[in-house]
Amino acid sequence: MSDEVKSSDEIELEAIEKAIAKMLTNGGVAEYQIKSRKMRYHSLDELYRQRDRLRLRIARRKRGGVGGQNIGISFCEF
């Protein structure tokens, strides 16, 4: 078992990738209704967009800083 702690973005990315795989292998139902209750899943396009946003966010975080650059902050008294 890995000692690596996953961020919430990484956990969400795993869930989205599983949902995409499930839709591709099972065909997936986009929406259904039972009496007055209605359920709608995200479309494949929405899942792909969210997956790509999360991948970018995770990559930026792993590179460090904003835009891949470390930012230094110093404090001084005036």
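Preceding this section is the structure that the text describes.
Figured I'd write up the structure that's included with this text. (Residues numbered from 1 in each chain as written. Predicted model: local features only at pLDDT ≥ 70, side-chain atom pairs only at ≥ 80, totals over all residues. Heavy atoms only, no water.)

## Brief notes about the nonpolar core
Soluble globular proteins tend to pack their nonpolar side chains together in the buried interior. Of all hydrophobic cores here, the largest spans 6 residues; its members are Leu-13, Ile-16, Ile-20, Leu-47, Leu-54 and Ile-58. Put simply, the parts of the chain that give this core at least two residues each are helix 1 (8-26) and helix 2 (44-63). (Core = buried A, V, L, I, M, F, W, Y, C linked by side-chain atoms within 4.5 Å. Buried < 20%, exposed > 50% of the residue type's maximum accessible area, 1.4 Å probe, protein only. Helix = DSSP H or I, 4+ residues; strand = E, 2+ residues; numbered from the N terminus.)

## Digging into the pairing of strand 1 (residues 31-34)
Taken together, the 4 bridges between strand 1 and strand 2 (residues 37-40) define a ladder with antiparallel strand orientation. Within the sheet, the bridge partner assigned to Gln-33 lies in strand 2 and is Lys-38. Taking the residues that link successive antiparallel strands as the turn, the strand 1-strand 2 hairpin has 2 residues, and the phi of Lys-35 there is positive, at about 55°. (Pairing = 2+ DSSP bridges.)

## With respect to helix 1
Over its 19 residues, helix 1 runs 27 Å from end to end, which matches the ideal 27 Å to within 8%, given 1.5 Å per residue. At its buried positions, helix 1 is contacted by helix 2. Downstream of helix 1 by one or two residues, Gly-27 has phi in the positive range, about 85°. (Expected span 1.5 Å × (residues − 1). Contact = heavy atoms within 4.5 Å.)

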